[in-house]
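Read off the chains here:
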Amino acid sequence: DVLALVAKIDVDQKVKVDGLAVYLHTDTTTAAASNTALETEIEADIENVRLYVNDTLIDSVDELSWDATDGNIDASEVYFDFDSSFELEDDDILTVKVNIKTTATASNNYKFTFSNAGASTNFDTPEYISNGDSIATADKTGSVTGNFLNVVDSSVTITRNDGYSSETFVSGTQWAKL
């Protein structure tokens, strides 16, 4: 589990949302050279993106979505669409965790973000629980961006360190001297 993003929620009263789109930030960098390569590379690096509220799992996704209207996908148009409904109260902690695959491309840098600013909110149909009214655009403020997740090359070297070099062992014996 890699912690991708944490947000403290500030609301006046309980709110219900029908989902959340968590985007890759514009600072995300990959080695991908084309739209198809970008999608393939992100899917090769990241899996099992999970949304939690107060450490309770809300939803998990593996599939990427994007909202590129010009046919060119850049990292900031790629998002993970959590489509489960959930409730938020004041001071709730919203957390996004991901798994980085062991085959991830070294030197890729991922940063996650979502916005709740006016009409461009990434929350799906937020409404007050008490009366079912939609939240006014002017009342939607704020955004959150996580830290970079830097993919580094990893390797494991196993070295024998038992003190023996070329001794012959006899099966089924202990402390036998040869």
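Above this text you will find the structure in question.
Residues numbered from 1 in each chain as written. Predicted model: local features only at pLDDT ≥ 70, side-chain atom pairs only at ≥ 80, totals over all residues. Heavy atoms only, no water.

Focus: the overall build of the protein
Then, in step 1: Looking only at helices and strands, the protein has one helix and 14 strands in total.
Then, in step 2: Burial status across the protein gives 37% buried among its 178 residues.
Then, in step 3: Counting contacts in the protein only where the partners sit at least 6 residues apart, residues at least 24 apart contribute 79% of the total.
Then, in step 4: Carbon and sulfur atoms form 45% of the exposed surface of the protein, whose accessible area is close to 10,800 Å². (Helix = DSSP H or I, 4+ residues; strand = E, 2+ residues; numbered from the N terminus. Buried < 20%, exposed > 50% of the residue type's maximum accessible area, 1.4 Å probe, protein only. Contact = heavy atoms within 4.5 Å. Areas by Shrake-Rupley, 256 points an atom, 1.4 Å probe, with all protein chains shown as cover.)

Some remarks on a nonpolar patch on the surface
Then, in step 1: A surface patch of nonpolar side chains, about 240 Å² in accessible area, is lined by L3, V6 and I93.
Then, in step 2: Mapping L3 onto the fold places it in strand β1 (residues 2–8).
Then, in step 3: Residue classification places L3 among the partly exposed residues on the basis of a relative accessible area of 48%. (Patch = residues over 30% accessible without salt bridge, like charges linked within 9 Å, V, L, I, M, F, W, Y side chains within 5 Å. Salt bridge = Lys/Arg side-chain N within 4 Å of Asp/Glu carboxyl O.)

Remarks on the pattern of salt bridges
Then, in step 1: One pass over the full model with this rule turns up six salt bridges.
Then, in step 2: Across the pair R50 and D1 runs a salt bridge, and its minimum N-O distance is 2.5 Å. Placement of R50 in strand β4 (residues 46–53) and of D1 in the segment before β1 is noted, with a sequence separation of 49 residues between them.
Then, in step 3: Its relative accessible area of 5% is what places R50 among the buried residues.

Description of the environment of L57
Then, in step 1: Mapped onto the elements, L57 comes out in strand β5 (residues 56–61).
Then, in step 2: Expressed as a C-alpha distance, the spacing of L57 and V96, which sit 39 residues apart in the sequence, is 9.7 Å.

With respect to the sheet that holds β5
The strands making up a sheet are joined through hydrogen bonds of the backbone, oriented either antiparallel or parallel.
Then, in step 1: Taking strand neighbours across the sheet as the criterion, the four strands line up as β1-β9-β4-β5 in an open arrangement whose pairing is antiparallel. In this open sheet, the two edge strands, each paired with only one partner strand, are β1 and β5. For this sheet, the mean inter-axis angle between neighbouring strands, taken without regard to orientation, is 20 degrees.
Then, in step 2: As defined by bridge partners, β4 adjoins strand β9 (residues 93–100) across six bridges and the pair is classed as antiparallel. By the bridge assignment, L51 is partnered in β9 with V96. (Pairing = 2+ DSSP bridges. Axes fitted to C-alpha atoms, helices over the stretch in contact; angles between N-to-C directions.)

Topic: the packing of aromatic side chains
Then, in step 1: Under the criterion given, the structure shown has three aromatic pairs.
Then, in step 2: Seen in terms of ring centroids, Y23 and Y79 are 4.8 Å apart; in terms of plane orientation they differ by 35 degrees. Their pairing is tilted. Note that Y23 is positioned in strand β3 (residues 20–24) and Y79 in strand β7 (residues 78–82), a separation of 56 residues in sequence.
Then, in step 3: Overall, Y79 belongs to the buried group, its relative accessible area being 15%.
Then, in step 4: Seen in terms of ring centroids, F114 and F123 are 5.4 Å apart; in terms of plane orientation they differ by 75 degrees. Their pairing is edge-to-face.
Then, in step 5: Relative accessible area serves as the criterion here: at 5%, F114 is assigned to the buried category. (Phe/Tyr/Trp six-rings, centres within 6.5 Å; stacked < 30°, edge-to-face > 60°.)

As for the side chain of D45
Then, in step 1: Of note, D45 is situated in helix α1 (residues 35–45).
Then, in step 2: Although D45 is buried, it forms no salt bridge, and the closest oppositely charged side chain is K101 at an N-O distance of 7.8 Å.
Then, in step 3: D45 has contacts with N99, I100, K101, T103, A104, T105, N108 and Y110, leaving out every residue within four places of it along the chain. (Lys, Arg positive; Asp, Glu negative; His and termini not counted.)

Thoughts on the sheet that holds strand β11 (residues 112–115)
Then, in step 1: Reading across from one edge, β6-β7-β3-β11-β13 is the order of the five strands in this open sheet, with antiparallel pairing throughout. Looking at strand neighbours, the two that pair on one side only are β6 (65–66) and β13 (143–145), the edges of this open sheet.
Then, in step 2: Relative to β11, β3 runs antiparallel, the two being bridged by two bridges. Across the sheet, residue Y23 finds its bridge partner in β11, namely T113.

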